[in-house]
Amino acid sequence: MTIQLLRKPPTGKSFNERLKITLDGNHTLKQKIGMLLEAKFWLEHEHGIRFAGPTDVWIGPVDEWGHPLTHFANQNPFADWSLLIKSPYHCAADEHKA
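Report on the accompanying structure. (Residues numbered from 1 in each chain as written. Predicted model: local features only at pLDDT ≥ 70, side-chain atom pairs only at ≥ 80, totals over all residues. Heavy atoms only, no water.)

## Here's the deal with the overall build of the chain
Argument step 1. If you tally the helices and strands in the chain, you get one helix and zero strands.
Argument step 2. Looking at the 98 residues of the chain, the share that counts as buried comes to 4%.
Argument step 3. Within the chain, counting contacts between residues at least 6 apart in sequence, those at least 24 apart form 36% of the total.
Argument step 4. As displayed, the chain offers around 10200 Å² of accessible surface, 59% of which is attributable to carbon and sulfur atoms. (Helix = DSSP H or I, 4+ residues; strand = E, 2+ residues; numbered from the N terminus. Buried < 20%, exposed > 50% of the residue type's maximum accessible area, 1.4 Å probe, protein only. Contact = heavy atoms within 4.5 Å. Areas by Shrake-Rupley, 256 points an atom, 1.4 Å probe, with all protein chains shown as cover.)

## Points about the side chain of Lys 32
Argument step 1. You can see Lys 32 is positioned in helix H1 (residues 29-47).
Argument step 2. For the buried Lys 32, which has no salt bridge, the nearest side chain bearing the opposite charge is Asp 24, at an N-O separation of 6.5 Å.
Argument step 3. Polar side-chain contacts of Lys 32 include one of 2.6 Å to the backbone oxygen of Gly 25.
Argument step 4. If we skip the residues at most four places from it in the chain, Lys 32 touches Leu 23, Asp 24, Gly 25 and His 27. (Lys, Arg positive; Asp, Glu negative; His and termini not counted. Salt bridge = Lys/Arg side-chain N within 4 Å of Asp/Glu carboxyl O. Polar contact = N/O pair within 3.5 Å; in protein donor to acceptor, adjacent residues only side chain to side chain.)

## Notes on unusual backbone geometry
Argument step 1. Positive phi outside glycine occurs at Gln 75, with the angle close to 75°.
Argument step 2. Looking at the element boundaries, Gln 75 is found in the segment after H1.
Argument step 3. Among the residues examined, Gln 75 registers a relative accessible area of 57% and is labelled exposed.

## Regarding the pattern of salt bridges
Argument step 1. In this structure the tally under the stated criterion is three salt bridges.
Argument step 2. A salt bridge links Asp 56 to Arg 18, with the shortest nitrogen-to-oxygen separation between them at 3.1 Å. Placement of Asp 56 in the segment after H1 and of Arg 18 in the segment before H1 is noted, with a sequence separation of 38 residues between them.
Argument step 3. Among the ionic pairs, Glu 44 bridges to Lys 40, the shortest N-O distance being 2.6 Å. Here Lys 40 and Glu 44 lie together in helix H1, a separation of four residues that amounts to about one turn.
Argument step 4. According to the relative accessible area criterion, Lys 40 is partly exposed, its value standing at 43%.
Argument step 5. Salt bridges linked by common partners bring Lys 40, Glu 44 and Arg 50 together as one network.

## A short note on H1
Argument step 1. Compared with the 27 Å implied by 1.5 Å per residue over 19 residues, the 26 Å span of H1 between its first and last C-alpha is a close match.
Argument step 2. Those residues of H1 lying buried are Lys 32, Ala 39, Trp 42 and Leu 43. In an axial view of H1, the angular spread of the buried residues amounts to 95°, which keeps them on one side of the axis. In H1, those exposed residues whose orientation departs by more than 90 degrees from the buried face are Lys 30, Ile 33, Leu 37 and His 45.
Argument step 3. Positioned one or two residues after H1, Gly 48 has a phi angle of 70°, which is positive. (Expected span 1.5 Å × (residues − 1). Arc of directions from axis to C-beta.)

What follows is the structure, encoded as structure tokens:
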């Protein structure tokens, strides 16, 4: 596993209770999700952390050559929009009682 826990430099924000997770390098979104799953596994199995509060994820979209993208396909700039997901995907099998 390629996970490193790096100490942050001291700042004036002494009450920050959030953990920054960095997914380094240019990769496909599928690969980024795999990297995030590695972090989830590490947090859960090495440290017993199984739940999370509100989470912000920032991505730097790039094309296949690593050049930055700034707009959606319809030409709306990323800077004008946020993507909000209110709850995880609901599986009907979770509701099924045997």
